Amino acid sequence: MSFTNLIEISYYLCIMRSTMVSLLFPVGILLVFLSFCLSTTSAAIVETSFHVKNLTTSRLCQNHVIVAANGSLPGPTLRVQEGDSLIVHVFNESPYNLTIHWHGVFQMRTQWADGPEFITQCPIRPGNSYTYRFNLTGQVGTLWWHAHTQWLRATVYGALVIRPRDGQKYPFVKPYREETILLGEWWNANVIDVENAALATGVAPNNSDAYTINGWPGDLYPSCPSNKTYTLQVVPGKTYLLRIINAALNGQLFFKIANHNFTVVGADAAYTNPFQTDVVVMGPGQTTDVLLTANQSPGLYYMAARPYASAVGVVINNSTTTAILAYENATQTTPVLPILPALNDTPTAFRFESNMTALVTSPFWSPVPQTVDENMYVTMGLGISECGNNQTCGGIFGQRMAASMNNHSFVLPSTISMLEAFFRNVSGIYTTDFPNQPPIVFDYTNTSNSFNQTLMTTPKLTSVKQLKFNSTVQLVFQNTALVGIENHPMHLHGMNFYILAQGFGNYDPINDPRKFNLVNPQERNTIGVPTGGWAAIRFRANNPGVWFIHCHLDVHLPWGLATAFVVENGGTPESTLPPPPADFPRC
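Read on for an overview of the structure.

Reading guide: rules and limits
Residues numbered from 1 in each chain as written. Predicted model: local features only at pLDDT ≥ 70, side-chain atom pairs only at ≥ 80, totals over all residues. Heavy atoms only, no water. Buried < 20%, exposed > 50% of the residue type's maximum accessible area, 1.4 Å probe, protein only. Helix = DSSP H or I, 4+ residues; strand = E, 2+ residues; numbered from the N terminus. Arc of directions from axis to C-beta. Polar contact = N/O pair within 3.5 Å; in protein donor to acceptor, adjacent residues only side chain to side chain. Pairing = 2+ DSSP bridges. Axes fitted to C-alpha atoms, helices over the stretch in contact; angles between N-to-C directions. Salt bridge = Lys/Arg side-chain N within 4 Å of Asp/Glu carboxyl O. Disulfide = S-S within 2.5 Å. Phe/Tyr/Trp six-rings, centres within 6.5 Å; stacked < 30°, edge-to-face > 60°.

1. A closer look at helix α3 (residues 191-201)
In step 1: For α3, the full list of buried residues reads Val191, Ile192, Val194, Glu195 and Ala198. In an axial view of α3, the angular spread of the buried residues amounts to 160 degrees, which keeps them on one side of the axis.
In step 2: The opening residue of α3, the one whose side-chain oxygen lies 2.8 Å from the backbone nitrogen of Ile192, is Asn190.
In step 3: Of the residues flanking the end of α3, it is Gly202, one or two places downstream, whose phi is positive at about 75 degrees.

Printed below as a string of structure tokens:
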């Protein structure tokens, strides 16, 4: 039976049920019921396959073997409408373990499809497959997908575009066209080898060799000007919707187009109140939707991205990647280059992040919970952990580099996923003793503490925070100055959160809550916690299961800057974790 037949049957079942309803209820309720039926039957099932395997490709004038989905970098863009169901058959034909995470998708009652390795699933072993099935109801905008196993997401990633369902519109001017801009990173090396070499000795990994726009470094890299720079052709006077995704592993990026301004209209698949800017700032994992009007003299203009280097004294890849905005019938041959912010321009980064507010007239907006059940104050940052017996480590004080939240440095389990342990009540996989407060109180952002070995040393644990279903959690992220001060993009799986306020220095529990926006705060799944500062978020734990929360700088994730929320079942079928699918990967 075809998917079209299934939709038609659903429609006629709705009509039959509406006839029964009309015998019992007034006409108004019948119309509401019919409206619901029509909206649900307009949804479709979108089915595709990812074949993930080795691919020989060339960047920076060098051939390299990478792991890619369906033979492309970036991987395929998935386009759906709100309410659709997505089925993706993933065949792991690579030499490495693999999982796919659908970044920002809520996964309500499809928790087994979230994807992070050993959190919600065991990896798909080489030569095996797994089918991800989930619904995309209640979200419109730009999300993305990526590998969630080691550093494979450097090359295994792509866009997930969710448009309004039929009969619904964008809350802004209809764009002439939509384009997806994926910012990434490129290594002239096998990224798994780069990560493994660093983990073996406990040091920071080698930096990337280039940043990319839609898979290409651009033509400003002096060692190898590209002849395959991405080009976006535009018609003068037309307005375009650019869906910008930062898929870089470790690069927080400034993005500009020479002589053009943007109107920000969405972030992380949530509508925002429109605001004007000439620069977009994004940490890894974040998405931003902007309107761009081609209102300049017909010509060639560079799109450009370079890092926002929030950490002082850390060696980074400070290069610039470019693409070209080309007006129809342009005659010039050399594009105009934008003036990008300084690498350490924290005021610009903070102004962009803190300027966003939510569009409360959005059909998916819900008011901020006014009462809080769980208050958490979580310090986060770098540190060190013990090198290990008979080993030599190259980190600070001869130890391993580490990272932690409330001085718990997270370690993934290796024998069963945490979600399966939760479902089957298997003990010994994780503990539920993640603290609500830092174990040691100190002057968190004072740089004189940066190399205090007592404060820097952190134990390796698999500890999580357990939450009652539908409880409201308020969490204040507090950056520390341990080892170095920097901005950390923190990503929560399974739920969006409201960003109530952000600031610099140590959070003041008396005065800073007065700054909270409880009316129209931005709603996101990833936040850049300001360098040397704090951010307060609030969310409803309305999704049973195990939900990873971690820094999206992939250098920090294996070091342990993570934990998880274990949300208990709610007591009804709709609020209870269902059993895993039949093809669920085994460890």
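Next, the rest of the story.
2. Here's the deal with the sheet that holds strand β15 (residues 270-277)
Two modes of strand pairing occur in sheets, parallel and antiparallel, and in both the strands are linked by backbone hydrogen bonds.
In step 1: Pairing is mixed in the open sheet, where six strands are placed in the order β10-β9-β12-β17-β14-β15. A strand with exactly one partner marks an edge of an open sheet, and here the two such strands are β10 (210-213) and β15. Shown here is a sheet whose adjacent strand axes are inclined to one another by a mean of 25 degrees, direction ignored.
In step 2: By the bridge criterion, four bridges tie strand β9 (residues 177-186) to β10 in an arrangement that is antiparallel. Counted as the bridge partner of Trp186 is Ala210 from β10.

3. With respect to the pattern of salt bridges
In step 1: Taken as a whole and assessed by the stated rule, the structure comprises 14 salt bridges.
In step 2: Residue Arg424 pairs with Glu420 through a salt bridge whose shortest N-O separation is 2.8 Å. Of the two residues, Arg424 and Glu420 are both situated in helix α5 (residues 418-424); the distance of four residues between them amounts to about one turn of the helix.
In step 3: Given the relative accessible area of 40%, Arg424 is considered partly exposed.
In step 4: On the basis of relative accessible area, Glu420 is assigned to the buried category, the value being 6%.
In step 5: Arg586 serves as the salt-bridge partner of Glu420, at 2.8 Å between the closest nitrogen and oxygen. Highlighted residues: Glu420 in helix α5 and Arg586 in the segment after β32 (562-567), separated in sequence by 166 residues.
In step 6: Bridged by salt links that share partners, the residues Arg163, Glu178, Arg243 and Asp289 form one connected network.

4. Quick look at unusual backbone geometry
In step 1: Cis rather than trans, the peptide bond between Leu73 and Pro74 has omega equal to -10 degrees.
In step 2: The topology assignment puts Pro74 in the loop between β2 (62-69) and β3 (78-81).
In step 3: A positive phi angle, near 60 degrees, is found at Asn425, a position not held by glycine.
In step 4: Taking the relative accessible area as the measure of exposure, Asn425 reaches 70% and is therefore exposed.

5. Topic: the pairing of strand β29 (residues 526-529)
In step 1: Burial of β29 is two-sided: the residues Thr526 and Gly528 facing one way and the residues Ile527 and Val529 facing the other way are all buried.
In step 2: Where strand β26 (residues 488-492) lies against β29, four bridges are found, and the strand directions are antiparallel. Bridge assignment links Pro489 to a residue of β29, and that residue is Gly528.

6. Concerning helix α4 (residues 346-355)
An α-helical segment advances 3.6 residues per turn. Residues three or four places apart therefore align on the same side.
In step 1: Listing the buried residues of α4 in full gives Thr346, Thr348, Ala349, Phe352 and Glu353. In a view along the axis of α4, the buried residues occupy a sector of 165 degrees, so they form one face of it.

7. Thoughts on the state of the cysteines
In step 1: The full count for this structure, using the stated rule, is two disulfides.
In step 2: In this model Cys122 forms its disulfide with Cys587; the gap between the sulfur atoms is 1.8 Å. Because the sign of the S-S torsion sets the handedness, a value of about -80 degrees for the bond joining Cys122 and Cys587 places this disulfide among the left-handed ones. Placement of Cys122 in the loop between β5 (100-103) and β6 (129-135) and of Cys587 in the segment after β32 is noted, with a sequence separation of 465 residues between them.
In step 3: A relative accessible area of 1% means that Cys122 is categorised as buried.
In step 4: We classify Cys587 as partly exposed; its relative accessible area is 41%.
In step 5: The residue that forms a disulfide with Cys387 is Cys393, at a sulfur-sulfur distance of 2.1 Å. Residues Cys387 and Cys393 are joined through a disulfide that is right-handed, its torsion about the S-S bond being 85 degrees. Side by side, Cys387 and Cys393 carry an identical accessibility label, which is buried.

8. A short note on the packing of aromatic side chains
In step 1: Counted according to the given criterion, the structure contains 25 aromatic pairs.
In step 2: Relative to Phe172, the ring of Tyr170 has its centre 4.9 Å away and its plane inclined at 10 degrees; by these criteria the two rings are stacked. The exposure classification of Tyr170 matches that of Phe172, with both residues buried.
In step 3: Pairing Phe254 with Tyr308 gives two aromatic rings, centres 5.5 Å apart and planes at 55 degrees, and the pair type is tilted. With Phe254 in strand β13 (residues 253-257) and Tyr308 in the loop between β18 (300-307) and β19 (321-327), this residue pair connects regions lying 54 residues apart in the sequence. Accessibility classification places Phe254 together with Tyr308 in one group, the buried group.
In step 4: Aromatic rings pair up to connect Phe50, Trp102, Trp112, Tyr130, Tyr132, Phe134, Trp145, Phe423 and Phe584 into one cluster.

9. Considerations on the sheet that holds strand β31 (residues 545-551)
In step 1: Overall, mixed pairing links the five strands, which are arranged β24-β32-β31-β26-β29 in an open sheet. Every interior strand has two partners, whereas the edge strands, β24 (465-467) and β29, have only one. In this sheet, adjacent strand axes meet at a mean angle of 20 degrees when their direction is disregarded.
In step 2: Strand direction decides the pairing type here: β26 and β31, joined by three bridges, are antiparallel.

None of this, on its own, says anything about what the molecule does.
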